[in-house]
Amino acid sequence: MIALAFILAFAAQFMLVTGQVLLKRAVMAPHPAKFALAIGSMTLYFFTWLGVARYIPLSQLAPFDACGPVLLVIWVRLTLNERLSLRAWLGVITILAGVTLISLS
Amino acid sequence: VSPLPAKASHGSATPPRRGNAALLALVLVVTFVTAADILLKLGANAASADNSHGILSTLGLTAMISPYTLAGIVFHIAGLAAWLYALRHLPLTLAFCFTALEQATIALGAWLWLGEHISRLRWVGIGTIMIGVLLLVPSIVKSEQRTDAPNGAGGGDA
């Protein structure tokens, strides 16, 4: 049951990240269908996360947010055309490292 | 709502305070989401104390009955409103990585209010995230200035 909860926690992060990419597209070029897709994806995330929160202490669950930024940085590189400064990339990599450290703790 | 211009016209300046609006929005996102997650955990705990085994219980939705859960949802909605503003003005990578700060603030909140333990490694992770977020701040301020519509708000020098 606990293992299933962890798998669901990862799945929830994937839905969250996909929702964010869809939401970014929606706010940049608004269309009701885009918002619906984005909100739908994040709604799935929300209820999955809420269910999982019953089985895992919050401080153990929060590290699953670790997958979020990693997935998102990869997802955005593949789907959106964003340019960041060197310092910003350094910040992103530092944050991913911090997030990974937390997930290992 | 019209989409953002792909580029700001040259020579237009943003009023000084505008550059911090997206940053302020991100800080609000982190604050609201931290409050929301702690409230949701309190709601979920209240649900665990309830021993019923109906379909709501199976789906993990007994938490919906708790006022903590409802308050958590309200904070998440407030967070979403601030997030939409930030998202419109910033690259997604910058904005989302900034919100990794939630992992530091949620752990700190769980430590303070829920009595959850924070290991030494987690403290290091929290510190690392904070350093990373500080590295993003200049880009966040600059990004908004670059993508902001000029809208004739006075003509300072760029």
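Attention here is on the structure that accompanies the text.

Rules of the game
- Residues numbered from 1 in each chain as written.
- Chains lettered and ligands numbered in written order.
- Predicted model: local features only at pLDDT ≥ 70, side-chain atom pairs only at ≥ 80, totals over all residues.
- Heavy atoms only, no water.
- Helix = DSSP H or I, 4+ residues; strand = E, 2+ residues; numbered from the N terminus.
- Buried < 20%, exposed > 50% of the residue type's maximum accessible area, 1.4 Å probe, protein only.
- Contact = heavy atoms within 4.5 Å.
- Core = buried A, V, L, I, M, F, W, Y, C linked by side-chain atoms within 4.5 Å.
- Expected span 1.5 Å × (residues − 1).
- Patch = residues over 30% accessible without salt bridge, like charges linked within 9 Å, V, L, I, M, F, W, Y side chains within 5 Å.
- Areas by Shrake-Rupley, 256 points an atom, 1.4 Å probe, with all protein chains shown as cover.
- Salt bridge = Lys/Arg side-chain N within 4 Å of Asp/Glu carboxyl O.
- Buried area = accessible area lost by both parts, 1.4 Å probe.
- Polar contact = N/O pair within 3.5 Å; in protein donor to acceptor, adjacent residues only side chain to side chain.

Regarding the overall build of chain B
Working step 1: When its secondary structure is counted, chain B shows six helices and zero strands.
Working step 2: What you see in chain B, going N to C, is helices and strands ordered as α-α-α-α-α-α.
Working step 3: Across the 158 residues in chain B, those meeting the buried criterion constitute 44%.
Working step 4: In chain B, the proportion of contacts linking residues at least 24 apart, taken out of those at least 6 apart, comes to 82%.

Digging into the environment of Tyr-85 of chain B
Residue and element names in this part refer to chain B.
Working step 1: Looking at the element boundaries, Tyr-85 is found in helix H3 (residues 67-89).
Working step 2: Its relative accessible area of 29% is what places Tyr-85 among the partly exposed residues.
Working step 3: Distance from Tyr-85 to Ala-100, taken between C-alpha atoms, is 18 Å for residues 15 residues apart in sequence.

Quick notes on the nonpolar core
Working step 1: Residues Leu-26, Trp-83, Leu-92, Phe-98, Leu-136 and Ile-140 of chain B are the most contacted members of the largest nonpolar core, which totals 65 residues.
Working step 2: Ignoring anything within four residues of it in the chain, the contact list for Leu-92 of chain B reads Gln-20, Val-21, Lys-24, Leu-72, Val-76, Leu-80 and Glu-82 of chain A together with Trp-83, Leu-87 and Cys-97 of chain B.

Here's the deal with helix H2 (residues 32-52) of chain A
Along an α-helix, residues three or four positions apart point the same way, because every turn accommodates 3.6 residues.
Working step 1: Its 21 residues give H2 of chain A an end-to-end C-alpha distance of 30 Å, which sits within 8% of 30 Å, the value for a rise of 1.5 Å per residue.
Working step 2: Along H2 of chain A, the positions that sit buried rather than exposed are Ala-38, Ser-41, Met-42, Tyr-45, Phe-46, Thr-48, Trp-49, Leu-50, Gly-51 and Val-52 of chain A.

Brief notes about a nonpolar patch on the surface
Residue and element names in this part refer to chain A.
Working step 1: On the surface, Met-1, Ile-2, Leu-4, Leu-8 and Tyr-55 cluster together to form a nonpolar patch covering roughly 490 Å² of accessible area.
Working step 2: Topologically, Met-1 is positioned in the segment before helix H1 (2-28).
Working step 3: Residue class for Met-1 comes out exposed when judged on its relative accessible area of 64%.

Concerning the interface of chain B and chain A
Working step 1: The interface of chain B with chain A comprises 53 residues on the first partner and 49 residues on the second.
Working step 2: Between chain B and chain A, the buried area comes to about 4200 Å², and carbon and sulfur atoms account for 71% of it.
Working step 3: Counting the surface chain B buries against chain A, the share from its top three residues, Phe-96, Gln-103 and Arg-122 of chain B, is 16%.
Working step 4: On the surface where chain B and chain A come into contact, there are zero salt bridges.
Working step 5: One can count eight residue pairs in polar contact (both at pLDDT 80 or more) joining chain B with chain A.
Working step 6: For the side of chain B that touches chain A, the secondary-structure elements that each account for two or more residues are helix H1 (21-49), H3, helix H4 (92-98), helix H5 (101-113) and helix H6 (120-147) of chain B.

Details of the side chain of Ser-143 of chain B
Working step 1: Secondary-structure assignment places Ser-143 of chain B in helix H6.
Working step 2: Contact partners of Ser-143 of chain B, with chain neighbours within four places excluded, come to His-89, Leu-90, Pro-91 and Leu-94 of chain B.

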